[in-house]
Amino acid sequence: MPPVQKSRHRIDPDAIPSPIQVIEDDKAKTTEPFTTGVRGQAPPLVTTNFQVKDQGNASPRFVRCTAYNMPCTADMAKQSQVPLAAVIKPLAILPPDETPPYLVDHGEGGPIRCNRCKAYMCPYMQFIEGGRRFQCSFCSCVTEVPPHYFQHLDHTGRRVDCYDRPELSLGSYEFLATVDYCKNNKIPQPPAYIFLIDVSYNAVKSGLVSIICQELKSLLDHLPRENPEMDSVIRVGFVTYNKVLHFYNVKSSLAQPQMLVVSDVSDMFVPLLDGFLVNVNDSRQVIESLLDQIPEMFADTRETETVFGPVIQAGLEALKAADCAGKLFVFHTSLPIAEAPGKLKNREDKKLIVAFPATGGVLQQPGETPALLGFFLAGLDCDKAITVEFKHDDKLSEETGALMQCAVLYTSCSGQRRLRIHNMAVNCCSQLADLYRNCETDTIINFLSKYAFRGVLNNPTKAVRDTLVNQCAQILACYRKNCASPSSAGQLILPECMKLLPVYLNCVLKSDVLLPGADVSLDDRAYLRQLISCMDVAETHVFFYPRLLPLVRVKLESGALPVAVRDSEERLSKGGVYLLETGLHLFLWVGASEKGSFLSECCFVFQTSLPVLENPISQRLREIIDSFRAQRSRYMKLILVKQEDRAELMFKHFLVEDKSASGGASYVDFLCHMHKEIRQLLS
């Protein structure tokens, strides 16, 4: 990219790399579907809308890499400091115009694998000796082909059935697992969902218990199922609790649900097996009767204390007793201060929101109480991403490239044991210039943020921040020294595909986890840490650099989506209206000189949702908000912010190119600081 000229005067923000420009350029050049057949080809950015055609490598919706040209040696990797990692979202849901992974059944013997390294059959395996054996591309070991899997080879050495078999022609597919892949060599039971509802005074009086019971009645019709035409096979169970736990027998033969109370919370057990976990359709009347009765049963409660540890224990014990996997959904509203395992003390004076660092969905609205919290067991779902780092244990070859295979063994919602396989081939390079030509900044930021957010558990926050800045400076100094053409030291030269690394890294450094403001509690930080730990690349992108759309009447009337503007107060016009999306929240900012015509057309007597009005502006705005919400795994609440209102402070927190209230540098200042660090490393 052209060098950024630094002078004594303030740098012009328009002269430094713009995230919006990069995003729009990528959209403009992506006109064809992305085909995955070419090794080491970087996909379009996560902000670009594109179609994927699987031709032998996993779709970027499943796997994204930090670099698509991996360094051949560990020394080269160390010299560049570019993190070598992949962000894998193994169960991602594909858009309607893309085919979900095919299910392959290799028979009673189970999926065919390499004898030595146990890699699963994939497009990279080389068939030899007329198709009777195959050589593993991962470890080079030769394995016999079972007679039932034998097929002849064509004149190029490929099997003649190659394109009829997903595992020989596609990057992603599934294998049906045999009993060898099951716990205790037993085909698993269908999973169960257990709903555990806090019925303490706080939960009942706020109306939360009532809402939960009403919503559950309709949600039970939408339990996951393999086939939309069939009923779900997931069983359900119900527990309510305050200082003690109440289990419910909802067996279909009962006229009314029966309650069993466990008051000894120090020694938790499940008081019933038969009738606790039931099929929804069989027991619908009893379940509906229970959900109608719960709010009435506890309407006059005076019990303010709750337990929490025994609630989780009860759920786990119930799943264990039923010998099935499942999920616990805990609706909890207050600090568990009752005498019991897992009792917590209020550790901060301000109003506290408990957030549990679980491996699942936590619903939390900052500053609101009661907080509605969902706690799921360690389970992998379609929204979870895993970030993995690669290390060299030997030299790689430019000729063969590098291969990776990810296998997830899981139980489907119908109780079927399956293996989801994703394969990815990338190039290898011995020249630094090739490495810097084919990196993906958004994935690098996903990796660095997760690495840093894990680091704060064992290191001082300042040390973690300094390490991030230092690594970024080393990445850019190595490029400057080895790949850029000679130029004056006063110029900052960035690699084309990494020119947004400084602005995005600054956003990570200014996040509430690494630079908390005075009003950020320990629990808020724990909540964000947990949230980001399982985000994919698209989610971390919008979280660290929110999307800011000017709602221009002409654009809205034409039906086009307005082009976003940069996240800075300088870009806001006093007479304008803007929509800001963070992936967790939506803000509608209204300028002080907005004449009210825009608002009157959208009728803003609203709290969190727009009223349905029959005019084109209102309709188009609702469409945009609905489409933003559809792209995210969490429901984003809409918050109205008027310029110069108190609520504007929260909105300004997300204008990440500006200096932050907690002392975080502006983009311009951070770029100057980064330039200084690079110059120090080079001298």
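Residues numbered from 1 in each chain as written. Predicted model: local features only at pLDDT ≥ 70, side-chain atom pairs only at ≥ 80, totals over all residues. Heavy atoms only, no water.

Going by what an unreviewed UniProt entry lists, the protein is known as SEC24 homolog C, COPII coat complex component and is assigned to Oryzias sinensis. Quoted verbatim from the Sequence similarities (unreviewed entry) field of the UniProt record, the comment on the protein reads "Belongs to the SEC23/SEC24 family. SEC24 subfamily." (UniProt positions renumbered as here; feature names shortened; annotations may be inferred.)

Next up on the list: the overall build of the protein. Looking only at helices and strands, one finds 18 helices and 25 strands in the protein. For 683 residues, the compact-globule estimate of 2.2 N^0.38 gives 26 Å, and the C-alpha radius of gyration of the protein, at 28 Å, lies within 12% of that figure. Each principal axis of the C-alpha distribution contributes one length, and for the protein these read about 80 × 75 × 50 Å. Of all 683 residues assigned to the protein, the portion counted as buried reaches 52%. Long-range contacts, defined here as pairs at least 24 residues apart, represent 69% of the contacts in the protein between residues at least 6 apart. (Helix = DSSP H or I, 4+ residues; strand = E, 2+ residues; numbered from the N terminus. Rg over C-alpha atoms; globule rule 2.2 N^0.38 Å. Buried < 20%, exposed > 50% of the residue type's maximum accessible area, 1.4 Å probe, protein only. Contact = heavy atoms within 4.5 Å.)

So, on to the UniProt feature "domain: Gelsolin-like" (unreviewed entry) in the protein. Per the UniProt record, "domain: Gelsolin-like" (unreviewed entry) is annotated on residues 561–593. The span residues 561–593 is 0% helical and 33% strand by assignment, and the distance between its end C-alpha atoms comes to 24 Å.

This next bit is on unusual backbone geometry. Backbone geometry at Q81 places phi at a positive 65°, although glycine is not the residue there. You can see Q81 is positioned in the loop between α2 (74–80) and β6 (85–88). Of the residues examined, Q81 reaches a relative accessible area of 24% and is grouped as partly exposed. In the Ramachandran plot, N185 falls in the positive-phi region, its phi being about 50° despite a non-glycine side chain.

One pass over the structure, following the stated rule, counts 34 salt bridges. Among the salt bridges present, the one from R133 reaches E129, with a minimum N-O distance of 3.0 Å. Here E129 falls in the partly exposed class, since its relative accessible area comes to 41%. Bridged by salt links that share partners, the residues R159, D161, R165 and E167 form one connected network. (Salt bridge = Lys/Arg side-chain N within 4 Å of Asp/Glu carboxyl O.)

When pLDDT is averaged across the protein, the result is 90; 92% of the residues are at 70 or more. In this model, residues 355–376 is a region of pLDDT below 50 whose contacts with residues beyond four sequence positions or in other chains number 65 contacts. (pLDDT = per-residue confidence, 0-100.)

Topologically, N482 is positioned in helix α10 (residues 461–482). A residue is classified by how much of its surface remains accessible, and N482, at 36% relative accessible area, is partly exposed. Not counting residues within four places of it along the chain, the set of residues in contact with N482 comprises Q79 and L432. Among the polar contacts made by the side chain of N482, one reaches the main-chain carbonyl oxygen of C478 at a distance of 2.9 Å. (Polar contact = N/O pair within 3.5 Å; in protein donor to acceptor, adjacent residues only side chain to side chain.)

The next point concerns the nonpolar core. In this structure, L505, L514, L579 and M674 are the most contacted members of the largest nonpolar core, which totals 101 residues. Counting residues per element, this core draws most heavily on α10, which supplies ten residues. Discounting residues that sit within four places of it in the chain, L579 has contacts with R547, L548, L549, L551, L586, F587, L588, I624, I625, F628 and L638. (Core = buried A, V, L, I, M, F, W, Y, C linked by side-chain atoms within 4.5 Å.)

All right, on to the UniProt feature "domain: Sec23/Sec24 helical" (unreviewed entry) in the protein then. The positions UniProt marks with the feature "domain: Sec23/Sec24 helical" (unreviewed entry) are residues 441–540. Taken end to end, residues 441–540 has its terminal C-alpha atoms 12 Å apart, with 62% of it in helix and 2% in strand.

Looking now at the sheet that holds strand β18 (residues 386–389). The antiparallel open sheet is built from three strands, whose spatial order is β4-β6-β18. Strands at the two margins of the open sheet, each flanked by one partner only, are β4 (63–65) and β18. Pairwise comparison of adjacent strand axes, ignoring direction, gives a mean angle of 20° for this sheet. Examined bridge by bridge, β6 and β18 share four bridges and lie antiparallel to one another. Its bridge partner lying in β18, A85 is registered against E389. Running at roughly 90° to β18, helix α9 (residues 441–455) makes contact with β4, β6 and β18 of the sheet. (Pairing = 2+ DSSP bridges. Axes fitted to C-alpha atoms, helices over the stretch in contact; angles between N-to-C directions.)

Before going further, it helps to examine the environment of L522. The residue L522 is located in helix α12 (residues 522–533) in this model. For L522 and P257, which are 265 residues apart along the polypeptide, the C-alpha to C-alpha distance reads 41 Å.

Let us look at the sheet that holds strand β10 (residues 142–144). What holds strands together in a sheet is hydrogen bonding between their backbones, with the strands either parallel or antiparallel. Pairing within the open sheet is antiparallel, and its three strands lie in the order β8-β9-β10. One side of each edge strand has no neighbouring strand; the edge strands of this open sheet are β8 (126–128) and β10. Across the sheet, the mean angle separating the axes of adjacent strands is 30° when strand polarity is ignored. Note that β8 and strand β9 (residues 133–135) share three bridges and pair antiparallel. In the sheet register, Q126 faces β9, and the bridge partner there is Q135.

The next thing to look at is empty space enclosed by the protein. For the structure on display, the rule yields five cavities of 30 Å³ or more. What the largest cavity holds in volume is close to 90 Å³. Residue lining of the largest cavity: 14 residues in total, with F34, Q41, N57, Y68 and M424 positioned closest to the centre. Looking at the lining of the largest cavity residue by residue, the class counts come to nine nonpolar, five polar and no charged. (1 Å grid on protein atoms, 1.4 Å probe; cavity = no way out; pocket = protein on both sides within 12 Å on 5 of 7 lines; lining within 4 Å. Points joined across faces, edges and corners; volume = space filled by probe spheres on them. Nonpolar A, V, L, I, M, F, W, Y, C, P; charged D, E, K, R; others polar.)

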